[in-house]
Amino acid sequence: MTHTHRIRTAARPLALAAGGALFAATALAGSAHAAAPVWTETGSSLQSTLTAGEGVTTVHSGSSDTVLYRGAGSIPLSVLVQDWTHIGDPDSADGYIFDAYQSGASSPTSKMFRVTTPSGAAYEYTHTLVSGELYNNSFDAVSPDTQWMVAGEWGTMSHLQIYPTPLLNPATGRTGGDLPLSGLIQLDHPVNDVQGCDFITATQLVCVSDDSSRTLFPDAEPLLEIDLPGPLTGGDITGHVTDIGAVPESSICSGTYEDEGVDYDPSTGVLRVEMIQPSVCGAVTTVYTYQHS
């Protein structure tokens, strides 16, 4: 693999340099994305892991913009009593909020996506697992045209899942219901423990991998770029995977960090990446912000 730094911290680009740059970017051999952006860290904030440790998204509704966080404490009681005990990294489009849920059952057979409308109404869409599919539901990411939603499982995977976007795609029910799998993004390099993804453009996603093993990529806890040959249309499509750098690990505590959600706000160009701090500092999640150039 070749190494092309594309992260910096503060004065250093998000093509991170070793020794402090946020993402020590690494490009897969054979990669030829000449226009790929360099990301520069612009700051960080601390959030409660209980309410922010699972994910983040920017909600645009009317004239107001809100950075929305999700954590274990974000699950409504009406959802929790149905045994949807884990919430993933959310996304938002046109003021609608999309949450990914997985079951706490011993042998789950489905996963659920919950849509909250700008007016506050909420609808649940249940996907029945297909043969070989894992029950994990770590995140969702809505395509810029709002018609398709990408989600992911856990462990080592060679694909991401594509669904019609609940409620916004006319093929789905108006008040919830079944949500069939539409297609797959077939990845040209396996990924491990992807916790979140978001679209940068119609043909590019950034994903965060909670993998410190360095068995698949040079970086521990890598940020991954996935480039598509064209916008999603619902069917299978290929994705080219590039390791663009390691998410920073900064804490007064030592131990194991955990990558979580990622969000890109196209209106401001801000990229947010979450990292849960280790050990007793795990009550706090660090949210790093970046801008591309």
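Note that this is a predicted model, so its numbers are computed, not measured.

Chemist: Which residues make up the state of the cysteines, and what values do they have?
Modeler: One pass over the structure, following the stated rule, counts two disulfides. Each disulfide pairs two cysteine sulfurs, and for Cys-253 the partner residue is Cys-281, the sulfurs being separated by 1.9 Å. With the S-S dihedral at roughly 55°, the linkage between Cys-253 and Cys-281 falls on the right-handed side. With a gap of 28 residues between them, Cys-253 in the loop between β18 (237–246) and β19 (258–265) and Cys-281 in the loop between β20 (270–276) and β21 (284–292) connect regions that are remote in the sequence. Residue classification places Cys-253 among the buried positions, given a relative accessible area of 12%. Taken in sequence order, the bonded cysteines of the protein chain link in the pattern 1-2, 3-4.

Chemist: Kindly report on the packing of aromatic side chains, identifying the contributing residues and their values.
Modeler: By the definition in use, this model includes two aromatic pairs. Taking 5.9 Å as the distance between ring centres and 85° as the angle between the ring planes, the aromatic pair formed by Trp-39 and Tyr-264 counts as edge-to-face. Of this pair, Trp-39 sits in strand β2 (residues 39–48) while Tyr-264 sits in strand β19; the two residues are 225 residues apart in sequence, bridging distant segments of the chain. Classification of Tyr-264 by relative accessible area gives buried; the value is 9%.

Chemist: Describe the nonpolar core, and please don't skip the residues or the numbers.
Modeler: Grouped together as the largest cluster of nonpolar side chains are 23 residues, with contacts concentrated most on Leu-160, Ile-185, Val-191, Cys-197, Ile-226 and Leu-232. Mapped by element, the contributors of at least two residues to this core are β11 (148–151), β12 (156–164), β14 (183–192), β15 (194–201), β16 (204–209), β17 (222–227) and β18. Beyond its immediate stretch of four places on either side in the chain, Cys-197 contacts Asp-89, Phe-139, Asp-140, Ala-141, Leu-160, Leu-205, Val-206, Cys-207 and Val-262. In terms of nonpolar packing, the next biggest core, distinct from the first, is built from 15 residues, Ile-244, Val-247, Val-262 and Leu-271 among them.

Chemist: Break down the pairing of β16 for me, citing the residues and quoting the values.
Modeler: Residues in a regular strand project their side chains so that they alternate between the two faces of the sheet. Buried residues dominate β16, accounting for six of its six residues. Burial along β16 is two-sided: Gln-204, Val-206 and Val-208 facing one way and Leu-205, Cys-207 and Ser-209 facing the other are all buried. Note that β15 and β16 share six bridges and pair antiparallel. Along β16, the bridge assignment pairs Phe-199 with Leu-205. Turn length for the β15-β16 hairpin, with the two strands adjacent in sequence and antiparallel, is two residues. Sheet topology places β16 next to β17; five bridges connect them, and they run antiparallel.

The rules behind the values
- Residue numbers run consecutively from 1 along every chain, following the written order of its sequence.
- A pLDDT threshold of at least 70 governs which residues receive local features in this predicted model, and a stricter bar of 80 or more applies before side-chain atom pairs are shown or counted, although totals over entire chains, interfaces and linings include all residues.
- Computation of side-chain values covers all heavy atoms of the structure but excludes hydrogens and water.
- Any cysteine sulfur atom paired with another within 2.5 Å is treated as part of a disulfide.
- Strands here mean DSSP runs of E at least two residues long; helices mean DSSP runs of H or I at least four residues long; both are numbered from the N terminus.
- Remark: exposure states derive from per-residue accessible area (1.4 Å probe, protein chains only) relative to the maximum for the residue type, with buried under 20%, exposed over 50%, and partly exposed in between.
- Side-chain rings of Phe, Tyr and Trp (the six-membered ring for Trp) are treated as a pair once their centres are within 6.5 Å; stacked means planes under 30 degrees apart, edge-to-face means over 60, and tilted covers the remaining angles.
- Here the nonpolar core consists of buried residues drawn from Ala, Val, Leu, Ile, Met, Phe, Trp, Tyr and Cys, with membership extended through side-chain atoms lying within 4.5 Å.
- Any pair of residues with heavy atoms lying within 4.5 Å of one another is described as a contacting pair.
- Only when DSSP finds a minimum of two bridges between them are two strands counted as paired.

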